[in-house]
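What follows is each chain in one-letter form.
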Amino acid sequence: MSIFVKRKTSDAYGGLRQSAEREFKRQFFGLLLVIVTWSLAMGWLLALATNAQSAVTTPEIGSVDVVPAQYQLGQELYLENCSTCHIGIPPAVLPTQTWKNLLQDSQHYGAQIKPLVDPPRILVWKYLSTFSRIQLDDEETPYRLDNSRYFKALHPGVELSRPVQVGSCVSCHPSASDYNFRQLSAEWK
C-alpha cells in the first residue's frame, strides 16, 4: 500500500510540474509574440515617418552651422542689419569678443552706423555669441578676416592671391551674398 501511495503522490507532483511548465511556456511564447508584434508595428511606423520626412525637400543650409529655431530670429535680424551694406559672414569666422565690440560700437570700419537697441540687439547677440568662438587670453581681437585664426582654420591650405575682404567671399563662395557659404565655386569643389 505504501508503494501505491508513493506512486500516486509522485504522479500528482509530476502532473503539477508538467502543468506549470506548460503554463510557463505558454506565457513565454505569448510575451515573445507581443514583443515581436510591437517591434514590427514600431518598425513599420518608423518607416512611414521616415518616408514622409524624406519626401519633403528641405532648403539648403547656407551658413556653416544649423541654426535652431530659438536663434533664427537673431540670425534674421543680424542679416537684416548687417548684410544690407556688406556680405553677412558666419559668426564662427570671428571670435565672440570681436562680435561684442562690433555690436557696441557705432564706428563700424570707418562708417558711422546706428547701433542696434534692445530687444533686437539681445537677439542678435545671443545668435552671434552662441555660434562664434572663444578668443584666447593672449590673442589680439581681430577685426579683419585675414587676422582671424578661425578664418584661417576654416580655410586650411587655401592660398589667397589678394587680401581678404568681406566682398571677396563671392569669388570662392558664389552664393555668399545669400548667406550660403557651403556652395563653392567649381575651382574649389
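Residues numbered from 1 in each chain as written. Predicted model: local features only at pLDDT ≥ 70, side-chain atom pairs only at ≥ 80, totals over all residues. Heavy atoms only, no water.

- As recorded in an unreviewed UniProt entry, the chain goes by the name Cytochrome c, listed as coming from Nostoc cf. commune SO-36.

A short note on helix α3 (residues 96-104)
- Listing the buried residues of α3 in full gives T96, T98, W99, L102 and L103. Buried residues along α3 cover an arc of 160 degrees about the axis, so they all sit on one side. (Buried < 20%, exposed > 50% of the residue type's maximum accessible area, 1.4 Å probe, protein only. Helix = DSSP H or I, 4+ residues; strand = E, 2+ residues; numbered from the N terminus. Arc of directions from axis to C-beta.)

What about the packing of aromatic side chains?
- Following the criterion strictly, the structure yields seven aromatic pairs and no others.
- Taking 5.5 Å as the distance between ring centres and 45 degrees as the angle between the ring planes, the aromatic pair formed by Y127 and F131 counts as tilted. One end of the pair, Y127, and the other, F131, are both in helix α4 (residues 120-131), four residues apart, so they sit about a helical turn from each other. Accessibility classification places Y127 together with F131 in one group, the buried group.
- Ring plane angle 85 degrees and centroid distance 5.9 Å describe the contact between Y179 and F181, whose orientation is recorded as edge-to-face. (Phe/Tyr/Trp six-rings, centres within 6.5 Å; stacked < 30°, edge-to-face > 60°.)

Notes on the side chain of H173
- Counting through the fold element by element, H173 comes out in the segment after α5 (149-154).
- Within the structure, the side chain of H173 is placed 2.9 Å from the backbone oxygen of F181, a separation counted as a polar contact.
- Look past the residues within four positions of H173 in its chain and what remains in contact with it is H155, N180, F181, Q183 and L184. (Polar contact = N/O pair within 3.5 Å; in protein donor to acceptor, adjacent residues only side chain to side chain. Contact = heavy atoms within 4.5 Å.)

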